[in-house]
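Fold and contact review
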Amino acid sequence: MYVRPAAAATAAFLGFALTLLGGTAASAASGPTVPSTPSGSTGPAGPAGPAGTPGLLGPVVYAHRGASAYAPENTLAAIDLAMRLGFDWVENDVQRTKDGELVVIHDDTLARTTDAEQAFPDRKPWRVKDFTAAEIATLDAGSWFGEEFAGERVPTLREYLDRVERNRQRLLLEVKKPELYPGIEKQTLQVLGEAGWLDTDHVQRRLVVQSFSADSVRLVHGLRPDLVTAFLGTPTLAELPKYAQFTDRINPWHTTISADWVAAVHDLRGAHGKAMEVDTWIVDDAATARKVQGMGVDGIITNAPDVVHQAVLGAFAF
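Criteria and cut-off values
- Residues numbered from 1 in each chain as written.
- Predicted model: local features only at pLDDT ≥ 70, side-chain atom pairs only at ≥ 80, totals over all residues.
- Heavy atoms only, no water.
- Helix = DSSP H or I, 4+ residues; strand = E, 2+ residues; numbered from the N terminus.
- Buried < 20%, exposed > 50% of the residue type's maximum accessible area, 1.4 Å probe, protein only.
- Contact = heavy atoms within 4.5 Å.
- Areas by Shrake-Rupley, 256 points an atom, 1.4 Å probe, with all protein chains shown as cover.
- Polar contact = N/O pair within 3.5 Å; in protein donor to acceptor, adjacent residues only side chain to side chain.
- Salt bridge = Lys/Arg side-chain N within 4 Å of Asp/Glu carboxyl O.
- 1 Å grid on protein atoms, 1.4 Å probe; cavity = no way out; pocket = protein on both sides within 12 Å on 5 of 7 lines; lining within 4 Å.
- Points joined across faces, edges and corners; volume = space filled by probe spheres on them.
- Nonpolar A, V, L, I, M, F, W, Y, C, P; charged D, E, K, R; others polar.

What the chain contains, in helices and strands, is 13 helices and 9 strands. Out of the 318 residues belonging to the chain, those deemed buried represent 56%. The contacts of the chain with a sequence gap of at least 6 include a subset with a gap of at least 24, amounting to 63%. Carbon and sulfur atoms form 56% of the exposed surface of the chain, whose accessible area is close to 12900 Å².

And the structure:
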């Protein structure tokens, strides 16, 4: 789901204000409150449980590309805002530059979320893989969302990991379009290792690697069998057992699932011998959040984590 500038103007202003004030969307809507820890989170400063383990009161809430309803997606501002809102699980997308640097950006082109068209007018179609890391580092990745975010940059994966670590958050990392970037799985693991993200604490409690490519997920599992992995998609009931051989969870689009399908996933043992889990996406409204919660999903991936958190916890939220 894309959050376009016109539709997001009000949300962007709210996000900027919250970033400055350190408040929450819930408190902004209902008056001053002291937020408690969100579902599936112990807060950025608290001890973390096993990676993605559902909370006792509801599904884990993942901030999709950060708090991307309120700040430009996949930027450091978006993950900082997720932290301020009280959410420690953030999701991102990893791609590779012309000179081999891993960067955090969703699209395989730079046009939608940066000023690449203006900065490099003769470089159409502005593919990530056709630009060097130094060139991408000069781009404005915030103004498209709102002028208050002017100057935000496309972070490198290492910069992103360091910020998530500083915030004491946890990461759902997507290997994006691996068919465009041969060897990106191994390189991603290398950067994770260099940043200290492959120790026991991170692997068991703070990191999940996912992809739409089953081959990519299988490769990550083969390289690091201890990592929790997820496949993005909705395999048929007949196909599910083969996915259980190399992944721990299935993460489907919310319109493609039913309670029976979720139960069938739960009935299988994944790559680590535990019941497989389901984290669904992209859910940004209360009614849909409650609907998928009723289906029994383990996690909800959302651009508006505060909205989903309030919906699934109700009176217990914040």
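So, on to the side chain of His-202. By the secondary structure assignment, His-202 is in helix H8 (residues 200-206). Only 2.6 Å separates the side chain of His-202 from the side chain of Asp-199, close enough to count as a polar contact. When sequence neighbours within four positions are dropped, the list of residues in contact with His-202 reads Glu-165, Gly-196, Trp-197 and Leu-207.

A few words on the pattern of salt bridges. Scanning all chains against the criterion turns up 20 salt bridges. The residue Arg-205 makes a salt bridge to Asp-201 at a minimum N-O spacing of 3.7 Å. Of this pair, Arg-205 and Asp-201 both sit in helix H8, 4 residues apart, which is roughly one turn of that helix. Linking Arg-224 and Asp-226 is a salt bridge whose minimum nitrogen-to-oxygen distance equals 2.6 Å. The class of Arg-224 is partly exposed, set by a relative accessible area of 23%.

On to unusual backbone geometry. Looking along the chain, the bond that leaves Lys-124 and enters Pro-125 is cis, with omega of 10°. By the element assignment, Pro-125 lies in the loop between helix H4 (116-119) and helix H5 (133-137). In this structure, Arg-65 takes a positive phi of about 55° despite not being glycine. Looking at the secondary structure, you find Arg-65 in the loop between strand E1 (60-64) and helix H3 (76-85). On the accessibility criterion, Arg-65 (3% relative accessible area) is buried.

Applying the stated criterion to the full structure yields 1 cavity of 30 Å³ or more. By volume, the largest cavity is sized at about 70 Å³. Every residue along the wall of the largest cavity is listed here: Glu-73, Asn-74, Thr-75, Val-104, Ile-105, His-106, Thr-113, Thr-114, Ala-141, Arg-153, Val-154 and Pro-155. Within the lining of the largest cavity, the residues separate by chemical class into 5 nonpolar, 5 polar and 2 charged.

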